[in-house]
Amino acid sequence: MSRVLLAVNAGSSTLKFRAFAPDGRQLLARGMVDRFGQAKPELQLLDGKGQMLSCRALDDGGRANAIAAVINSLADQQLEPVAVVHRVVHGGGRFTAATRLNTDIRAQLEEYVALAPLHQPVSLAVISAFEEYDARLPQFACFDTAFHAQQPEVATRFGIARHWHDEGVRRYGFHGLSYAAIARRLPELGLEHAKVVVCHLGSGASACALDAGRSMASSMGFSAVDGLMMGSRPGYIDPEVILYWQEQAGMSVAEVRRELYKNSGLLGVSGISSDMRELLASDLPAAREAVELFCYRVARETASLAAAMKGLDALVFTAGVGEHSPEVRGRVLQQLAWLGFEVDQAANLAQARRLTTAASARAAYVLPTDEEGEMARQVAALLQ
């Protein structure tokens, strides 16, 4: 039986996991539980090279049963977890590095449920499920907010009364594990000392200003709703809109939250889908408008983040849309042509790493993100 470090990334309907060698570098297996916590879940397990090892339906839709199935499926391949590391969206101002979990720390993480109401409860439920399965198995958390903890003070403040900031109402930033993974790879592009905007574009989307690999500002703020338009979240929205919904439309807090998290973004604008692929394939005007707005917001936020760094050397696209949509990348770069980006259309369509011409004043690249790998490397350092 080979010992592995298991990295777990839990979402509202999927549980993604990867099994790494204890040093956190070699990927030995990866998989996903689809319809996690719902009826008729399905477990897929692949080897480190992406070859299917098993695919089966689970009898019980409960999360505890899914966790047991994950560990048993790894055992079938002679893989046994030595530790589990979880992606936790919110670590507030307390947790700025990978942390071993215990009862006290889990209680502190419960305090951040109100700041990440859709993400934090799922992560905590999965942590509990692993503990119920084997209380002796060491568990760790890596936080999406941690990478942004060293931002300049001015980048973390809202223009509100000082006591609110002191009580934690501030900009935190998210997708930090993704940005840490990209920052780790910037030396491959000769950008380790550069001013870079990274665009993490997927169902959830954000952008981050990295100066010499350090987070200087992020499009996301107090919550994961802020900033760029996303699959079903609006991004930046005038706070008065929320008050209008409550006062004029009579919407409750729960209804407003659902509008913000589930009914907005690409889905809300298009009325068709939250999936960028479907919208790009559609001829309907509303679909085109949703795509245009998405790209406009990315370009506008990129320019804003360049201002936060007082300069810009390069742009990096990552995550599902950023890595796989030449049309979205091309539109964003065309809107940023005034900044010196000259798109190499052939390279963009061919999914090349560099997207801009040799003569371009500024360079744009694609790098795949690796949140689970980043988690594994952080925790491997603690275990060693």
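The name recorded for the protein in an unreviewed UniProt entry is Acetate kinase, from Chromobacterium aquaticum. Per its UniProt entry, the protein bears the Sequence similarities (unreviewed entry) comment "Belongs to the acetokinase family." Quoted verbatim from the Function (unreviewed entry) field of the UniProt record, the comment on the protein reads "Catalyzes the formation of acetyl phosphate from acetate and ATP. Can also catalyze the reverse reaction."

Asker: I'm lost on the overall build of the protein in this one. Help?
Answerer: Across its full length, the protein carries 15 helices and 13 strands. Relative to its length of 384 residues, the protein is compact, with a C-alpha radius of gyration of 21 Å against a globular reference of 21 Å. In terms of its C-alpha atoms, the protein occupies a principal-axis envelope of roughly 55 × 55 × 45 Å. Put simply, 61% of the contacts in the protein that link residues at least 6 apart link residues at least 24 apart.

Asker: What is the right way to look at helix α2 (residues 103–110) in this model?
Answerer: One turn of the α-helix equals 3.6 residues, which is why residues spaced by three or four share an orientation. Those residues of α2 lying buried are Ile105, Arg106, Gln108 and Leu109. Buried residues of α2, seen end-on, are gathered within an arc of 155° and therefore sit on one face of the element. Turned more than 90 degrees away from the buried face of α2, the exposed residues are Thr103 and Asp104. Packed against the buried residues of α2 are β7 (99–100), α3 (120–133) and β8 (139–143). Its side-chain oxygen at 3.1 Å from the backbone nitrogen of aspartate 104, asparagine 102 defines the N-terminal cap of α2.

Asker: Looking at this structure, how should I read the packing of helix α6 (residues 176–185) against helix α15 (residues 371–383)?
Answerer: Axis separation between α6 and α15 bottoms out at 8 Å; the angle between their running directions is 80°. Between α6 and α15, the angle falls in the class roughly perpendicular. Residue-level inspection shows Leu177, Ser178, Ala180, Ala181 and Arg184 of α6 in contact with α15, the latter providing Glu371, Glu374, Met375, Arg377 and Gln378. For the contact of α6 with α15, the class distribution of residues is four nonpolar, two polar and four charged.

Asker: I tried to follow the sheet that holds strand β11 (residues 214–218) on my own but got confused; where do I start?
Answerer: Within a beta sheet, neighbouring strands are joined by backbone hydrogen bonds and run either parallel or antiparallel to one another. Spatially, β11-β10-β9-β12-β13 is the arrangement adopted by the five strands of the open sheet, whose pairing is mixed. The open sheet has two edge strands, β11 and β13 (363–366), and neither has a second partner. Across the sheet, the axes of successive neighbouring strands diverge by a mean angle of 25°, strand direction being ignored.

Asker: When you look at the UniProt feature "site: Transition state stabilizer" (unreviewed entry) in the protein in this model, what are you seeing that I'm missing?
Answerer: Listed under "site: Transition state stabilizer" (unreviewed entry) in the UniProt record, and renumbered for this structure, are His175 and Arg233. As for the largest pocket, its lining draws on His175 and Arg233 from among the annotated residues. Mapped onto the elements, histidine 175 comes out in the loop between α5 (162–166) and α6. Once you skip the residues sitting within four places of it in the chain, histidine 175 turns out to touch Arg87, Asp144, His200, Gly204, Ala205, Ser206 and Met220. Locating arginine 233 in the fold gives a position in the loop between β11 and α7 (239–247). Looking at arginine 233, the relative accessible area reads 11%, which means it is buried. Looking at arginine 233, its side chain comes within polar contact range of the main-chain oxygen of alanine 224, at 2.8 Å.

Asker: Which parts of the structure should I look at to understand the sheet that holds strand β4 (residues 42–47)?
Answerer: The sheet built from eight strands is open, its strands ordered β5-β4-β3-β2-β1-β6-β8-β7 with mixed pairing. Only two strands of the sheet have a single neighbouring strand rather than two, namely β5 (52–57) and β7. Looking at chain direction, strand β1 (residues 2–10) and strand β2 (residues 14–20) are connected through six bridges and run antiparallel. Within the sheet, the bridge partner assigned to alanine 10 lies in β2 and is leucine 15. This element, α3, spans β1, β2, β6 (79–88) and β8 of the sheet and lies at about 160° to β6.

Asker: Looking at this structure, I do not really get the nonpolar core. What am I missing?
Answerer: Generally speaking, soluble globular proteins have nonpolar side chains that are buried together. Counting residues in hydrophobic clusters, the biggest one holds 57 residues, and the most contacted among them are Leu201, Phe294, Leu315 and Phe317. Ranked by residue count, the leading element in this core is helix α11 (residues 285–309), at ten residues. Setting aside chain neighbours within four positions, we find leucine 315 in contact with Val197, Cys199, Thr302, Leu333, Leu336, Phe341, Ala363, Ala364 and Tyr365.

Asker: Explain the UniProt feature "active site" (unreviewed entry) in the protein here, please?
Answerer: Per the UniProt annotation, the sites labelled "active site" (unreviewed entry) are Asp144. Relative accessible area serves as the criterion here: at 0%, aspartate 144 is assigned to the buried category. Those residues within four positions of aspartate 144 in sequence are excluded, and the remaining contacts are Arg87, Val88, Val89, Gly173, Phe174, His175, Gly176 and Leu177.

Asker: What should I look at first to understand the packing of α2 against α3 in this one?
Answerer: Two quantities define a packed helix pair, namely the angle between the helix axes and the distance between the axes. One can describe the packing of α2 onto α3 by two numbers: an axis separation of 10 Å at closest approach and a directional angle of 160°. The pairing of α2 with α3 is recorded here as roughly antiparallel in orientation. Along this stretch, α2 crosses α3, giving a crossing that reads as left-handed. Counting all contacts with α2, which are made through Arg106, Leu109 and Glu110, the residues of α3 involved are Gln120, Leu124, Ile127, Ser128 and Glu131. Looking at the contact of α2 with α3 residue by residue, the class counts come to three nonpolar, two polar and three charged.

Reading the values: rules and limits
- Residues numbered from 1 in each chain as written.
- Predicted model: local features only at pLDDT ≥ 70, side-chain atom pairs only at ≥ 80, totals over all residues.
- Heavy atoms only, no water.
- UniProt positions renumbered as here; feature names shortened; annotations may be inferred.
- Helix = DSSP H or I, 4+ residues; strand = E, 2+ residues; numbered from the N terminus.
- Rg over C-alpha atoms; globule rule 2.2 N^0.38 Å.
- Contact = heavy atoms within 4.5 Å.
- Buried < 20%, exposed > 50% of the residue type's maximum accessible area, 1.4 Å probe, protein only.
- Arc of directions from axis to C-beta.
- Polar contact = N/O pair within 3.5 Å; in protein donor to acceptor, adjacent residues only side chain to side chain.
- Axes fitted to C-alpha atoms, helices over the stretch in contact; angles between N-to-C directions.
- Parallel < 35°, antiparallel > 145°, perpendicular 65-115°, else oblique.
- Nonpolar A, V, L, I, M, F, W, Y, C, P; charged D, E, K, R; others polar.
- Pairing = 2+ DSSP bridges.
- 1 Å grid on protein atoms, 1.4 Å probe; cavity = no way out; pocket = protein on both sides within 12 Å on 5 of 7 lines; lining within 4 Å.
- Core = buried A, V, L, I, M, F, W, Y, C linked by side-chain atoms within 4.5 Å.
- Left-handed = near helix turned anticlockwise from the far one by under 90°.

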